[in-house]
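The primary structure of each chain is shown beneath.
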Amino acid sequence: MRIPGSKYAQRLRITTENGIDEAGFVRIGGIEQWISIRGEDRGNPVLLEIHGGPGASNLIYTGRTREWERHFTVVRWDMRGAGKTFGRTGPTGQGEMSLRRLELDTLEVTAHVRSRLGVDRVVLMGCSFGSFIALRVARGNPELFSAYVGTDQNISDRGRDHTAYRGLLRRLDESGKNKDLAAVTAMGADRSAWTTEQWSQYNKHTVGSDPLTFDTVKKVVMGSLLTSPLHSLGEVRTYMKAMGFSECRAPQSVTIDEWAEGTDFSIPFFLFHGEHDVITPAQSAKRFFDDVTAPIKEFALIENASHFAAFRRPDRFLDLLLTHVRPTLDLEPSNTRNQ
């Protein structure tokens, strides 16, 4: 604990008789990876998050999403190249850094969670960069999941959609940031031609060009990291190093074409998206959503939010989970195995 006895640590305590609060390293994909499982009632549905970044663990948001744990058992996993997993062995111990390896890791984590909690299926939640991986896993393994929930949903069409890029050029032009405008214009819209450094610079320009996104990164992301009772000061530095190390995975996403990979899902499908998201624009996610066929599907905007919408407005996100997702789970036969 970073600040023992602090209000942050006290708020995280789970004291219910049937609750669970455990975390530690599990052997996943040949390396030790950190998994946290928290909830006030083991009988609640299990929500497995696949975090974004790449390399940006969701564990820092545990305090902000404490209320979620009254209704779901929340599983947060620091994937290879992120958070405590990165801190365990550093850059030389992360193994293969590919999207395919992350898909296989996700399946192993899912198997571990199902076994540990005694459930047949879990809700899979893809966040930002993690939604690339989560979409593929949900599409190909519907027997493992009771629903798919995407937030800050990335939709790749092999580079044909330039909505976010054009939006950045417009904002830079309107704000008179001519030097930044020239730099982004010179990069061009073809992301497959960008270097890892250009990806990094593009993301920085995007965040800096939009006041709501900048405010969210400063207050929600950095604020959560700096006050997290689950992280030491050294782990704060490790968190940032992990993101830099994992940037190499971003260009791999350009090769994905979600339409070619398939718009048919055998499980309920939900996208809850920040209304003013400039990193993964809502209109791009909605275009894919409209083409999806699923037993149940729902798209909802999170008002007064850009990227990181679930963590800027955790109350609103929980309301969407309870209004749309939870009822579909309650319609299913019991998801818990006999112990």
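This text follows the structure it describes.
Basis of the calculations
Residues numbered from 1 in each chain as written. Predicted model: local features only at pLDDT ≥ 70, side-chain atom pairs only at ≥ 80, totals over all residues. Heavy atoms only, no water. Helix = DSSP H or I, 4+ residues; strand = E, 2+ residues; numbered from the N terminus. Rg over C-alpha atoms; globule rule 2.2 N^0.38 Å. Buried < 20%, exposed > 50% of the residue type's maximum accessible area, 1.4 Å probe, protein only. Contact = heavy atoms within 4.5 Å. Areas by Shrake-Rupley, 256 points an atom, 1.4 Å probe, with all protein chains shown as cover. Lys, Arg positive; Asp, Glu negative; His and termini not counted. Charge placed at Lys NZ, Arg CZ, Asp CG, Glu CD. Core = buried A, V, L, I, M, F, W, Y, C linked by side-chain atoms within 4.5 Å. Phe/Tyr/Trp six-rings, centres within 6.5 Å; stacked < 30°, edge-to-face > 60°. Salt bridge = Lys/Arg side-chain N within 4 Å of Asp/Glu carboxyl O.

Looking now at the overall build of the chain. When you go through the chain residue by residue, the secondary structure sums to 13 helices and 8 strands. Taking 20 Å as the expected radius of gyration for a compact globule of 339 residues, we find that the chain reaches 19 Å, a close match to that expectation. Principal-axis analysis of the C-alpha atoms places the extent of the chain at approximately 60 × 45 × 40 Å. The burial tally for the chain puts 55% of its 339 residues in the buried class. Put simply, 76% of the contacts in the chain that link residues at least 6 apart link residues at least 24 apart. Counting only carbon and sulfur atoms, one obtains 51% of the accessible surface of the chain, whose full area is about 14200 Å². Averaging the locations of the 43 positively and 42 negatively charged side chains of the chain gives two centres separated by 5 Å.

A few words on the nonpolar core. The biggest cluster of nonpolar side chains holds 41 residues, and the ones touching the most others in it are I35, I50, L124, I133, Y148 and F269. Per element, the largest residue contribution to this core is 6 residues, and it comes from helix α4 (residues 130-140). Residue contacts for I133: discarding those within four places in its chain leaves I50, M79, L99, L102, E103 and T106.

With the rule as written, the count across this model stands at 16 aromatic pairs. On the basis of an interplanar angle of 80° and a centroid distance of 5.5 Å, the ring pair of F129 and F132 is categorised as edge-to-face. Its relative accessible area of 6% is what places F129 among the buried residues. For the ring pair F289 and F299, a centre distance of 5.6 Å and an interplane angle of 50° mean the geometry is tilted. Pair noted here: F289 is in helix α11 (residues 282-291) and F299 is in strand β8 (residues 297-302), with a separation of 10 residues, a long-range link.

So, about the pattern of salt bridges. Evaluated as defined, the whole model comprises 27 salt bridges. Among the salt bridges present, the one from E103 reaches R100, with a minimum N-O distance of 3.1 Å. One end of the pair is E103 and the other is R100, both in helix α3 (residues 99-117) and 3 residues apart, which spans about a single turn. Put simply, R139 and E258 hold a salt bridge, and the shortest N to O gap is 3.0 Å. With R139 in helix α4 and E258 in helix α10 (residues 258-261), this pair connects stretches of sequence that are 119 residues apart.

Examined against the element boundaries, I155 turns out to sit in the loop between β6 (145-151) and α5 (163-174). For I155 and R287, which are 132 residues apart along the polypeptide, the C-alpha to C-alpha distance reads 9.1 Å. When sequence neighbours within four positions are dropped, the list of residues in contact with I155 reads L135, E258, W259, S284, A285 and F288.

Attention now goes to the environment of L172. Note on placement: L172 falls in helix α5. Each residue touching L172, except ones within four places of it in the same chain, is listed here: K177, D180, L181, V184 and S209.

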